[in-house]
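# Per-entry structural report
What follows is the residue order along each chain.
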Amino acid sequence: MHHIAVLDDYQNVSQQFGDWAALRAVAQVTVFNDHLTDEDALVQRLQPFDVLCVMRERTPLPRSLLQRLPQLRMIATTGNWNAAIDIEAAEALGITVCGTSSSLTAAAELTWALVLASVRRLPQELASFRQGGWQVAVGGDLHGRTLGLLGLGYTGSMVARYAQAFGMRVLAWSQNMTAESAAQHGARYVGKDELFQRSDIVSIHVRLSERTRGLVGARELGLMQPGAFLINTARGPIVDEAALLEALQQRRIAGAAVDVFGQEPLPPQHPLRALDNLIGTAHIGYVTQGSYELYYGESVQNIRAWIDGRPIRTMTTARREVDYVSRPVAEEDSGTLGKA
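Residues numbered from 1 in each chain as written. Predicted model: local features only at pLDDT ≥ 70, side-chain atom pairs only at ≥ 80, totals over all residues. Heavy atoms only, no water.

A separate point is the packing of aromatic side chains. A complete count under the given rule lists eight aromatic pairs for this structure. Here Phe17 and Tyr292 contribute two aromatic rings whose centre-to-centre distance is 5.7 Å and whose plane-to-plane angle is 90°, an arrangement assigned as edge-to-face. Linking Phe17 in the loop between strand E1 (2-6) and strand E2 (27-31) with Tyr292 in helix H11 (residues 289-307), this pair joins segments that are 275 residues apart in sequence. Each ring, one from Phe129 and one from Trp134, has its centre 6.4 Å from the other, and the planes form 40°; the classification is tilted. With respect to burial, Phe129 and Trp134 carry one shared label: exposed. A network of ring pairs unites the aromatic residues Phe17, Trp20, Tyr292 and Tyr296 as a single cluster. (Phe/Tyr/Trp six-rings, centres within 6.5 Å; stacked < 30°, edge-to-face > 60°. Helix = DSSP H or I, 4+ residues; strand = E, 2+ residues; numbered from the N terminus. Buried < 20%, exposed > 50% of the residue type's maximum accessible area, 1.4 Å probe, protein only.)

Compared with the 20 Å implied by 1.5 Å per residue over 14 residues, the 20 Å span of helix H4 (residues 106-119) between its first and last C-alpha is a close match. Buried within H4 are the following residues: Ala106, Ala108, Leu110, Thr111, Trp112, Leu114, Val115, Ala117, Ser118 and Val119. Phi turns positive, to about 55°, at Arg121, one or two residues after H4. (Expected span 1.5 Å × (residues − 1).)

To continue, consider the sheet that holds strand E8 (residues 188-189). Pairing in this open sheet of seven strands is parallel, and the strands run E8-E7-E6-E9-E10-E11-E12 from one edge to the other. Taken across any chain shown, the strands that pair with only one partner, and hence form the sheet edges, are E8 and strand E12 (278-280). Direction of pairing for strand E9 (residues 201-204) relative to strand E10 (residues 229-232): parallel, over a ladder of four bridges. Within the sheet, the bridge partner assigned to Ile204 lies in E10 and is Asn232. Of the strands in this sheet, strand E6 (146-150), E9, E10, strand E11 (255-258) and E12 touch H4, which is tilted by about 155° from E10. (Pairing = 2+ DSSP bridges. Contact = heavy atoms within 4.5 Å. Axes fitted to C-alpha atoms, helices over the stretch in contact; angles between N-to-C directions.)

Spatial strand order, E2-E1-E3-E4-E5: five strands in an open sheet with parallel pairing. Looking at the sheet topology across the chains shown, the edges are occupied by E2 and strand E5 (96-98). Direction aside, the axes of adjacent strands within the sheet are offset by 15° on average. Where strand E4 (residues 74-77) meets E5, three bridges bridge the pair, whose relative direction is parallel. Its bridge partner being in E5, Met74 is matched across the sheet by Thr96.

What follows covers the confidence of the model for the chain. For the chain, per-residue confidence averages 93 on the pLDDT scale, and residues scoring 70 or more make up 94% of the total. For the stretch residues 323-340, pLDDT sits under 50, and the model shows 74 contacts to residues farther than four places along the chain or on other chains. (pLDDT = per-residue confidence, 0-100.)

As a further point, take the nonpolar core. What tends to happen in soluble globular proteins is that the nonpolar side chains get buried as a cluster. Counting residues in each nonpolar core, the largest one holds 32 residues, and the members touching the most others are Leu150, Leu195, Ile204, Leu221, Met224, Leu230 and Leu244. Elements supplying a minimum of two residues to this core: strand E7 (169-173), helix H8 (192-198), E9, helix H10 (241-249) and E11. Looking at which element gives the most residues to this core, the answer is H10, with five residues. Every residue in contact with Met224, bar those within four places of it in the chain, is listed here: Phe196, Val202, Phe229, Leu230 and Ile253. Among the nonpolar cores identified, the runner-up in size contains 27 residues, and Ala108, Leu147, Val170 and Ala172 belong to it. (Core = buried A, V, L, I, M, F, W, Y, C linked by side-chain atoms within 4.5 Å.)

Right under this line is the structure:
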């Protein structure tokens, strides 16, 4: 009998997705809804389990932790790569790591929801309506405005198409981009400074890496127009959080809409939560029915295949994606690195 731990199921919904019943004859499943950050506490909790099912990068699994879990033999992670798992250490310890496919639309759809909510001042209007009020803000327009995209991978290019449907001009920049690659998605390649200076909305769609950590700091925020908005559905550390907090407190930009943070879950008393010009969501870009059906459905398949001795969708240091993914990993694609 195998013992499976499902970690960080914040909403207690994992068992609604995937055919977990197919594992009942061969495994016992324990679901944890809370989030532990202390390594000693994690070791104590996870010692009895030989299989972990982890949701993206919510709980890091570094070498120091894996070495203290001698029973662990398999990790089923959601997503096609998980930078929070030390794959090299897992290989050395004989732990099989398997991943899943991911939705290519969920993050882009949330991005556009945040764009619309920001420009039309929906949080203020909704709060007023609940309190019995009526029309408290004057919303902005998207048609004829300029959207600046940091990154044009799968999410960024989809957001570019949404912008074009709304009649917006699209500028784009990343460290790997060319004028030709931007034009393929209906965007105009510009320098980084020009993008921040000219955009009414700047939306981030690069992956978190050493090159992109802190990519948007006080300097970049200072280049933005006073009426501009910053949208971040990629990864929190791409933006200097302290610089963003100061810019919003000083009202140097019109506002920001942020789905990702340097520390997740964000502490209840974090100063970002108190700002009236910030829309904050709890890293829900991938939290959709379609995504969870992929994530947990394929995780169950992965666990079953591993138990049967025929592992599928494996991750290795030699192959930095699961074995069925044919699309290239681009620097602009925000879906795989950083904490989730």
